[in-house]
Every structure is written in C-alpha cells, then in structure tokens.
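What follows is each chain in one-letter form.
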There are 2 protein chains.
Amino acid sequence: MIGIDIGGANLKVVDDAGVHIHYCPLWQGAPLADLLEPYAGSAAVVMSGELADCFATKIEGIRWIVGTVQEAIPDAAFYGTDAAFHTRPVPGLAAANWLASADYLREEYADAVLLDVGSTTADVIPLTRFESLKGLTDTRRLQKQYLVYTGMLRTNVATLLSSVTLDGTVTPVSTEYFAASADAHLVLGHIAPADYTCPTPDNGEKTVDAALRRLARVVCADIDEIGKSGAHQVARQFWEIQRRVIGRAVGRALFQGDAERVITAGIGADLFARELGCATLAQEIGEVSDALPAYAVREVALRRAACD
Amino acid sequence: MIGIDIGGANLKVVDDAGVHIHYCPLWQGAPLADLLEPYAGSAAVVMSGELADCFATKIEGIRWIVGTVQEAIPDAAFYGTDAAFHTRPVPGLAAANWLASADYLREEYADAVLLDVGSTTADVIPLTRFESLKGLTDTRRLQKQYLVYTGMLRTNVATLLSSVTLDGTVTPVSTEYFAASADAHLVLGHIAPADYTCPTPDNGEKTVDAALRRLARVVCADIDEIGKSGAHQVARQFWEIQRRVIGRAVGRALFQGDAERVITAGIGADLFARELGCATLAQEIGEVSDALPAYAVREVALRRAACD
C-alpha cells in the first residue's frame, strides 16, 4: 500500500522506497493522473488541494481529485475529517491531511503538540485532544490558530510584513508578489538552493544573489540602492514576524491543549525545533517527516487493516 | 503629440481622440512595441514599469522600455524625476510618472494634495512642495507615504488584511492570492464589472457572485460555509483598512505639506472624493483623469514647446 497527500501545490507519495514529492500546482492544470500512473496497488489518500481556486467549491475539487486518483488507482481509500476512510467523494474529505498525521501520532505522542511546517502552511495540532479535532474545517482551524497560513517557501513576504525598518526609517512595503518566504529563508541560511522547490516569484534563479534582488524589490529598490544589508533586513524582519506568528499559535495550543512538549515535522522541522528547543519527528521516523500526512495515512490504513 | 505612461501592468496613451488603456503586463512579455505601433508622430513618455520583476535592475528596465518605445516612435522624449525630458535611458527615468502629474498641476493647484488612486498603487503628492519632490525614488516615496502600494484592482486582499472578524470570531486569513481589491470593490458597489480590467486571481468571472466566492476563500471557506454575508465582511474589512491606510497618508501630506485641500484622480477618484469630501480632477479635465500621468506629461511637453 502507498500513502498519497494531494495538496494544492504538491503531490506527495510514500511507498516502500521512501518519499516522492512532485510539484503539482492544481490551479495550473498539473497532470495529477499522469504523475500517479507509475504507482499501482492500493492507496490511502488525504487531500487539501480541493481548496485550489481552479475549483468553484470544495466539493467540486473533492470530486475531481477522487475521480482522478481512482482512474489511476481504482483501489484507493480517502481519509476524512471524521477519521474514517471513504471511497466516495464526500464533503468530509476536505483538508483532512493534518488529521491523518494526528491519528498516526496520537498514542505515541499523547502529551505533545505537533507542529508541521510545510511550503505553504503550518499545522499546529494538539495531540492531547484528538477527539475534539474531528470535523474541524480549515476555517475553524484558522480561527483556533491550528492552521497558520504561512510556510517555508511560497508565502508572499508582503502578506506578513507591512513595513521594514531600513537604517532606522520605517519603510512600508510593496504589496506585489516580489519575494517569497523561500527567498528570506535562503538568504538567512535556513534552506539551501536545492530546498527551494517552488517557482521563484520572478521565475528567476534560486541563488542567494537573486533572492536578495527579489527581497530588495519588496521596498521597490535595486540592491545598489539599499545594499545587500538592506535586503537582508527585509528577510530578517519577515522571519521575525513569521516565527512570532507560528510561535504564538504553538504556545496557545500547548496551553489550551494542556500539552507538555512540542514535536516538529515538515520541511521547517529543524528550524523550528531549534527555535522552540524541541525534538523533530525526523529523529524518529526519518525523511518521511517531510511528507508526514502521506506517511501517516498509509500507517493508519495499515494499522486498521491489521486490526480487521 | 501623444502622451504615454508605461506602468508594469498597464500602457496608457493619451492623444487627441482621448485615453487608450491597454492591459500590458511587462512581466509576462506583453507586446509593448506592437501596442505602440498604431501611434505615430512625437511622444512624451513617463514610466514606472522598470520595476517589473522581469528586469534584474531598474536601469535594465529603463533601457528596454526606452529602446522599445523609440523603435515604434523614434521621436519620443522621456520625463525624469529631475522634471526634465531625456532621449537616452538614464536612471532618473525610473518612476517619474507621478512627478509629471505634479508638474502639470502645480500652478493651478498650488495649495492642494493630489491623490491619484490607480489599479495597483496610490500616489499622494503635495503640490505645495514641488521642488522638494524632485529626485524622490519609489523607496523614498514609500517612506514618506507619498507612494501607498495598494490600489483599486490588483492588490492581494491578504496583504492588507491579516484577519477578519466573522460573527464575532477573529479569523486569520490565508496568504494565497485568492482575492483582489477589485473583488472587494466590486461586491461593495465601488466599481462595475466593466471596471475590473485586470485578470481575476482565479481566472474566473468578473461577477459579484464569483467575487464573493473568491473573498470567501480568503478564510478558506466556500460560500455555503460563511454565507454571502461572511464574504461581504471580508470585503468590508479590507476596505476599512485600505481607506485608513490611504486616508492617513493624505492627512500626513496635508499637514506636512501645509496644504489646504485634496483633489483626486485615477480610477479611485470618485470613491475617495466621497470619502474625503473633496473634488475630483475629472470635474475639470474629464476622463483623462484616469490616465493622469499620460495626459500630464503631454501637457508639460506642449507647454515647454510653446515657451521655446
């Protein structure tokens, strides 16, 4: 059996060989069926890609995803926010990927908050409260700060940052998508160029110099106007806000969930484990931590099959 | 003689027949030369499109724009932030379009602040201080709040709005480009579908219903989850912030510029004239107010030719 997580931007597959991550932007008509074709057998599936704005409604997205997956893999079962598997496109399949992670980890980490920081979003999941998590929609998760809509790569820097202080002068930013969180994390050394797996905002290079140029443009400047140090300021001040927003959500979940520790997963796991002084899930399960829901939904399905 | 304003997203031409606005996204390789071909004779030109991120630096953008314009219209002169005309691609041609407007209006409106609200940005220009405006870059204008980087159509709603209150519950937003300022202004009745001249974020329809769907997605919801009233809340709360940000910049310019009144131009002129209780420039110069820099640079060039 394989595990599949279909996000709006990425397709993640976990099989016996390991993790396979395919950039697959559904809103650009990415060929999901073709990408799935090489995988055969049975599959356990989670999704969040139904939110992509190529679908007028979530149920339209769910129907398309279920249909497309079942074309390639007829024997596919889909995990829902009721923590059950389904073979039909029901509304409860929307954004259940984080719950699969919680379902997989809830016994071994019953005293923890899981922080899964991906390319686009951060999931903050109190594993202490599994039953209360069932049925939560993305909107409810935003309200509870269980879903923090910023990630390591794809976030428009201007959505978190309204101004930057440059040499002591408050400088409001441009609201264009001139620089991404990946640019900030690249120049700060949090990621390597090879980790920059989404397109750049300007379709330019994934180098530190190109990232600095993009960050300078956030204040409508060339590098020769504000210097590399000015562009670094944009990155640092973005990161200050991003760490604070995510850190606060984690603190709130720890308190409200009566949890004792934090465990991190996703491509931001190492960075946030250092920030928060906690362990990463990768120390236990290895590289599949970068594709936790895909791994988790497979494990949950295998466990249930073993119990049947 | 014609007047030309080359922005990143729009090409605006003013000739004896009136205003011609062409959607012309430079970062997508829009065919500027082809669009200019039908126009002949001499031209006075301003630009801000050199900031588009298809150019590594502003001077690269300036060189490309000057070269492309002169191919179609050899007898073109370019207005710079030194308030002089040039025929060569010099750095001072970057973002001088707002200064051309100020140059044209500074005598007749010597006691006013000009607020020009376009698709993407708002220019706040104290006409009381023309000499002090020369040489200002976009970065300096951001710092002085003379450039407020939000407009009537193209602004990602999530760049101004960090959360929305829905039925009393604070709801942080998604940072995707799910809805544009045009969606908010459309559902609030500030613009008509025909005024929605940029692409929609999801490449969908320019109707109120489609705009409401896009606005609901800003909190990761379908309309049937938060209702049309919820989507209206997103629009209203975006507009509250946008009016406040622009209003504050105008207030600051009035105070610091020792000005006595405000005059509005651009596609947001009527809306902001109502908000601020002031007159629009269109009441004096008609529809060319929507393409003020293109009109102004032509008038400035004609005046100077008359003085020669």
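Before reading on, note that the structure itself is shown above.
The shown structure was predicted, so the numbers you read here are calculated from the model rather than taken from an experiment.

Rules used throughout
Residues numbered from 1 in each chain as written. Chains lettered and ligands numbered in written order. Predicted model: local features only at pLDDT ≥ 70, side-chain atom pairs only at ≥ 80, totals over all residues. Heavy atoms only, no water. Helix = DSSP H or I, 4+ residues; strand = E, 2+ residues; numbered from the N terminus. Rg over C-alpha atoms; globule rule 2.2 N^0.38 Å. Buried < 20%, exposed > 50% of the residue type's maximum accessible area, 1.4 Å probe, protein only. Contact = heavy atoms within 4.5 Å. Areas by Shrake-Rupley, 256 points an atom, 1.4 Å probe, with all protein chains shown as cover. Lys, Arg positive; Asp, Glu negative; His and termini not counted. Charge placed at Lys NZ, Arg CZ, Asp CG, Glu CD. Pairing = 2+ DSSP bridges. Salt bridge = Lys/Arg side-chain N within 4 Å of Asp/Glu carboxyl O. Axes fitted to C-alpha atoms, helices over the stretch in contact; angles between N-to-C directions. Least-squares fit on C-alpha atoms with pLDDT ≥ 70 in both. Disulfide = S-S within 2.5 Å. Buried area = accessible area lost by both parts, 1.4 Å probe. Polar contact = N/O pair within 3.5 Å; in protein donor to acceptor, adjacent residues only side chain to side chain. Phe/Tyr/Trp six-rings, centres within 6.5 Å; stacked < 30°, edge-to-face > 60°. Lys NZ or Arg CZ within 6 Å of the ring centre and 35° of its normal.

## What to know about the overall build of chain A
Helices and strands together make up the secondary structure of chain A, namely 12 helices and 13 strands. For chain A, whose C-alpha radius of gyration is 20 Å, the value lies close to the compact-globule estimate of 19 Å for 308 residues. Its C-alpha atoms put chain A at 65 × 45 × 35 Å along the principal axes. Each of the 308 residues in chain A was classed as buried or not, and the buried ones make up 58%. For chain A, long-range pairs separated by at least 24 residues make up 62% of all intrachain contacts whose partners lie at least 6 apart in sequence. For chain A, the exposed surface amounts to about 11800 Å²; the carbon and sulfur share of it is 48%. When the 26 positive and 39 negative side-chain charges of chain A are each reduced to one mean point, those points stand 6 Å apart.

## Observations concerning the sheet that holds strand β12 (residues 261–265) of chain A
All names here are of chain A. With mixed pairing, 5 strands are arranged side by side in an open sheet as β9-β8-β7-β12-β13. In the strand order of this sheet, the two ends are held by β9 (147–148) and β13 (279–280), each with one partner. Sheet analysis places strand β7 (residues 112–117) next to β12, joined by 5 bridges and oriented parallel. Directly across from L114, in β12, lies its bridge partner I263.

## A short note on the pattern of salt bridges
Residue and element names in this part refer to chain A. By the definition in use, this model includes 28 salt bridges over all chains. A salt bridge links D138 to R141; its shortest N-O distance comes to 3.0 Å. With D138 and R141 both in helix α5 (residues 138–143) and 3 residues apart, the pair spans about one turn of that helix. Like D138, the residue R141 is buried in the burial classification.

## A word on the sheet that holds strand β3 (residues 18–23) of chain A
All names here are of chain A. Spatially, the 6 strands line up as an open sheet ordered β3-β2-β1-β4-β5-β6, and their pairing is mixed. Of all the strands in the sheet, just β3 and β6 (85–86) have a single pairing partner and so form its edges. In terms of strand pairing, strand β1 (residues 2–6) meets strand β4 (residues 43–47) through 5 bridges, oriented parallel. What sits directly across from I2, in β4, is A43. Packed on one face of the sheet, helix α12 (residues 292–307) meets β1, β2 (10–15), β4, β5 (76–79) and β6 and runs near 135° to β1.

## Describing the relation of the copies chain A and chain B
By a simple turn and slide, chain A fits onto chain B: the slide is 0.0 Å along the axis, the RMSD is 0.0 Å, and the turn is 180°. On the angle and the small slide along the axis, the relation comes out as a two-fold axis. Relative to the rotation axis, the closest C-alpha in chain A is found at T159 of chain A, a distance of 2.1 Å. Residue by residue, 100% of the interface of chain A is reproduced at the interface of chain B, so both copies engage with the same surface.

## Quick notes on unusual backbone geometry
Apart from glycine, the bulk of residues carry a negative phi angle, and the bulk of peptide bonds sit in the trans form. The backbone of Q145 of chain A sits at a positive phi, close to 60°, despite the residue not being glycine. By the element assignment, Q145 of chain A lies in the loop between α5 and β9. What makes Q145 of chain A partly exposed here is its relative accessible area of 24%. Unlike most non-glycine residues, C220 of chain B shows phi in positive territory, near 60°. By the secondary structure assignment, C220 of chain B is in the loop between α8 (208–217) and α9 (223–256). Among the residues examined, C220 of chain B registers a relative accessible area of 0% and is labelled buried.

## A look at the side chain of S101 of chain B
Checked against the element boundaries, S101 of chain B lands in helix α3 (residues 97–105). Classification of S101 of chain B as buried rests on a relative accessible area of 1%.

## Structural notes on the pairing of strand β2 (residues 10–15) of chain B
Residues and elements named next belong to chain B. Where burial is concerned, most of β2 is hidden: 6 out of the 6 residues are buried. Covered by surrounding structure in β2 are N10, K12 and V14 together with L11, V13 and D15, the residues of both alternating faces. As defined by bridge partners, strand β1 (residues 2–6) adjoins β2 across 4 bridges and the pair is classed as antiparallel. Bridging across to β2, I6 finds its partner in L11. Sheet topology places β2 next to strand β3 (residues 18–23); 6 bridges connect them, and they run antiparallel. Bridged to L11 within β3 is H22. Where β2 folds back onto β3 in an antiparallel hairpin, the turn is made up of 2 residues.

## Re the state of the cysteines
Each disulfide consists of a covalent bond between the sulfur atoms of two cysteine residues. Residues and elements named next belong to chain A. In the structure shown here, the tally under the stated rule is 0 disulfides over all chains. Of all cysteine sulfurs in the structure, the one in C24 sits closest to C54, which takes part in no disulfide; the separation is 10 Å. The exposure class assigned to C54 is partly exposed, which follows from its relative accessible area of 34%.

## Considerations on the interface of chain A and chain B
Contact with chain A, which involves 41 residues of that partner, is made by 41 residues of chain B. Both sides together, the interface formed by chain A and chain B hides about 3400 Å², and carbon and sulfur atoms give 52% of it. Of all residues in chain A, D53, Y149 and T175 of chain A give up the largest surface area on contact with chain B, accounting jointly for 18% of the area buried on that side. In this structure, the connection of chain A to chain B is made through 4 salt bridges. Of the charged contacts, one joins E176 of chain A and R154 of chain B as a salt bridge, the two residues approaching to 3.0 Å between their closest N and O atoms. Viewed at the interface, chain B and chain A are joined by 22 residue pairs in polar contact (both at pLDDT 80 or more). Listing elements by their share of the side of chain A that touches chain B, those giving two or more residues are α2 (58–72), α5, α6 (157–160), β11 (169–172) and α8 (208–217) of chain A.

## Looking at the side chain of D103 of chain A
Residues and elements named next belong to chain A. Following the sequence through the fold, D103 ends up in helix α3 (residues 97–105). The class of D103 is buried, set by a relative accessible area of 5%. Reaching out from D103, the side chain makes a polar contact with the side chain of R106 at a distance of 3.0 Å. Excluding its chain neighbours within four sequence positions, the residues that come into contact with D103 are Y79, A83, F130, V300, R303 and R304.

## Describing the packing of aromatic side chains
In this description, an aromatic ring pair is defined by two values, namely the gap between the centres and the angle between the planes. The final tally for this structure, using the stated rule, is 8 aromatic pairs over all chains. Each ring, one from F55 of chain B and one from W64 of chain B, has its centre 5.8 Å from the other, and the planes form 40°; the classification is tilted. Note on W64 of chain B: relative accessible area 35%, which makes it partly exposed. Consider the rings of Y79 of chain B and F85 of chain B, whose centres lie 5.4 Å apart with planes at 70°: the pair is edge-to-face. Overall, the relative accessible area of 1% leaves Y79 of chain B in the buried class. One residue, R217 of chain A, lies across the ring of F178 of chain A, its end atom 5.9 Å from the ring centre.

Keep in mind these values describe shape, not function.
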